[in-house]
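Survey of secondary and tertiary structure
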Amino acid sequence: MWMTLLFGAVASSALIIGAAVGVRFELPKRLLAMLLAFAAGALITALSFELFEDSYERGGIWLAAIGLFVGALVFTGLSALLDRWAQPGSRSKPADEYRGSAKLDTDAAAADQPATAATTRGTAGLALLAAVTLDGVPENLALGIALTEGTGGIALLAAIFVSNFPEALVGAASMREQGRSAAQVILLWTACAALLTVAVVAGAVFLSGSDPAVVSLPLAFAAGAVIASLADTLMPEAFEHGGPAVALSTAAGFVLSFVLSLA
């Protein structure tokens, strides 16, 4: 149990580290894009080999597929609501006018880039905090299950860590631009990290060892939420600001996470 708690704390610590960087530093826009792309590559490995495959082996293709589509649907719907909250009308644009997710306002964290109205109103950072919590809870439940049952989890741990860091960095920078104090920002992201650590423990205590079909659904739901976050937020934002070069960063994230999954 203590080892599970430690792993959960390590995965969630990226939120606190990212928030600390976000309130103090401004990074080059291309570097932020590379970080997002690297996180996307790591998440591809995790959802393929740690989440969906495990769900399929426990509950079969129908339960895994249903859970996946439900997770993707829930995340997509709530993500759209969060974007509208961050910047009203942001999702009413035609596809060819897409300018990234309103909640993931990387301008706020980038050097020599003016923050958008969504950030200065203070809603972009809070919307991103909510989005991180939304897909983080099922991911961390799955991490707790994997660690306790000895079915891996290292690749998922790495993927959660590297995806939490840039999202917390951008979210904290958005909150900083709105005028929140560094202490307030760190406190908010620390509370989120604590909640996600509890989710790891909850997965280990309440779901580990239960009926395989019961566990199959949350694993698949987490995979669906990850797929939706990749398609809806991380990859479009990374490509918009990093260009074709983000393909190499995505590949690097995938390879590193895959190697860790073999450990």
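Please read all numbers here as calculations on a predicted model, not as lab measurements.

Rules used throughout
Residues numbered from 1 in each chain as written. Predicted model: local features only at pLDDT ≥ 70, side-chain atom pairs only at ≥ 80, totals over all residues. Heavy atoms only, no water. pLDDT = per-residue confidence, 0-100. Helix = DSSP H or I, 4+ residues; strand = E, 2+ residues; numbered from the N terminus. Contact = heavy atoms within 4.5 Å. Salt bridge = Lys/Arg side-chain N within 4 Å of Asp/Glu carboxyl O. Patch = residues over 30% accessible without salt bridge, like charges linked within 9 Å, V, L, I, M, F, W, Y side chains within 5 Å. Areas by Shrake-Rupley, 256 points an atom, 1.4 Å probe, with all protein chains shown as cover. Expected span 1.5 Å × (residues − 1). Bend = angle between axes of the 7 residues up to and from the residue. Axes fitted to C-alpha atoms, helices over the stretch in contact; angles between N-to-C directions. Nonpolar A, V, L, I, M, F, W, Y, C, P; charged D, E, K, R; others polar. Buried < 20%, exposed > 50% of the residue type's maximum accessible area, 1.4 Å probe, protein only. Polar contact = N/O pair within 3.5 Å; in protein donor to acceptor, adjacent residues only side chain to side chain. Core = buried A, V, L, I, M, F, W, Y, C linked by side-chain atoms within 4.5 Å. Phe/Tyr/Trp six-rings, centres within 6.5 Å; stacked < 30°, edge-to-face > 60°.

Further remarks concern the confidence of the model for the protein chain. The pLDDT averaged across the protein chain works out to 89; a share of 93% of its residues lies at or above 70. Averaged pLDDT values for the elements of the protein chain fall to 71 in helix H3 (residues 117–120) and rise to 95 in helix H6 (residues 182–207). Here residues 91–95 is modelled with pLDDT under 50, and outside its nearest four sequence neighbours on either side it reaches nine contacts, counting other chains as well.

Our focus in this paragraph is the pattern of salt bridges. It is possible for side chains of opposite charge to pair when their charged atoms get near one another. Scanning the model with the defined rule gives six salt bridges in all. The partner of lysine 103 in a salt bridge is aspartate 83, and the shortest N-O contact between them spans 3.6 Å. Taken as a pair, lysine 103 in the loop between helix H2 (29–86) and H3 and aspartate 83 in helix H2 lie far apart in primary sequence, 20 residues in all. The salt bridge involving arginine 176 is made with glutamate 177; its shortest N-O contact spans 3.4 Å.

Glancing now at a nonpolar patch on the surface. On the surface, Tyr56, Ile61, Trp62, Ile66, Val70, Val74, Leu78, Leu81 and Leu217 cluster together into a nonpolar patch covering about 870 Å² of accessible area. Of all the elements, H2 adds the most residues to the nonpolar patch, at eight residues. Here valine 70 lies in helix H2.

A few words on H2. Here H2 contains 58 residues, and its C-alpha end-to-end distance of 21 Å is more than 12% below the 86 Å for a straight helix at 1.5 Å per residue. Glycine 60 marks the point of greatest bend in H2, at about 130 degrees.

Before going further, it helps to examine the packing of helix H5 (residues 154–178) against helix H8 (residues 246–261). Closest axis-to-axis distance for the H5/H8 pair is 7 Å, and the angle between their directions is 145 degrees. The residues of H8 that touch H5, namely those facing Ile154, Ala155 and Ala158, are Ser257, Leu260 and Ser261. Classifying every residue of the contact of H5 with H8 by side-chain character gives four nonpolar, two polar and no charged.

Next up on the list: H6. Its 26 residues place the ends of H6 37 Å apart at the C-alpha level, agreeing with the 38 Å of an ideal helix rising 1.5 Å per residue. Within H6 the residues assigned to the buried category are Val185, Trp189, Cys192, Ala193, Leu196, Thr197, Ala199, Val200, Gly203, Ala204 and Leu207. Tucked into the core, H6 has its buried residues touching helix H1 (2–24), helix H4 (123–149), H5 and helix H7 (212–242). Once H6 finishes, glycine 209 follows within two positions and takes phi at roughly 85 degrees, a positive value.

Right, let's get into the environment of phenylalanine 221. Looking at where phenylalanine 221 falls in the secondary structure, it is placed in helix H7. Put simply, phenylalanine 221 and phenylalanine 52 are 169 residues apart on the chain and 8.7 Å apart in space, counted from C-alpha to C-alpha.

Attention shifts here to the side chain of lysine 103. Among the residues examined, lysine 103 registers a relative accessible area of 1% and is labelled buried. Within the local environment of lysine 103, its side chain forms a polar contact with the side chain of serine 79, the two groups lying 2.6 Å apart. Ignoring any residue separated from it by four or fewer positions in sequence, one finds lysine 103 in contact with Ser79, Leu82, Asp83, Ala86, Ala124, Ala127, Leu128, Ala131, Asp232 and Thr233.

Attention now goes to the nonpolar core. Leu15, Leu51, Leu143, Leu156, Trp189 and Leu230 are the most contacted members of the largest nonpolar core, which totals 55 residues. Elements supplying a minimum of two residues to this core: H1, H2, H4, H5, H6 and H7. Excluding residues that lie within four positions of it along the chain, leucine 156 makes contacts with Ala46, Glu50, Leu51, Glu139, Ala142 and Leu143. Within the second largest apolar cluster, six residues are counted, among which are Leu82, Ala102, Ala127 and Ala131.

Two numbers describe a pair of aromatic rings. These are the distance of the centres and the angle of the planes. On inspection of all chains with the given rule, the structure shows two aromatic pairs. Ring geometry for phenylalanine 49 versus phenylalanine 258: centroids 5.5 Å apart, planes at 65 degrees, classification edge-to-face. Here phenylalanine 49 is found in helix H2, whereas its partner phenylalanine 258 is found in helix H8, with 209 residues between them in sequence. Under the relative-accessibility criterion, phenylalanine 49 is labelled partly exposed at 36%. Where phenylalanine 254 meets phenylalanine 258, the ring centres are 6.3 Å apart and the plane angle is 10 degrees; that geometry is what we call stacked. Pair noted here: phenylalanine 254 and phenylalanine 258 are both in helix H8, with a separation of four residues, about one helical turn. What makes phenylalanine 258 partly exposed here is its relative accessible area of 31%. One aromatic cluster is present, built from ring pairs that chain together Phe49, Phe254 and Phe258.

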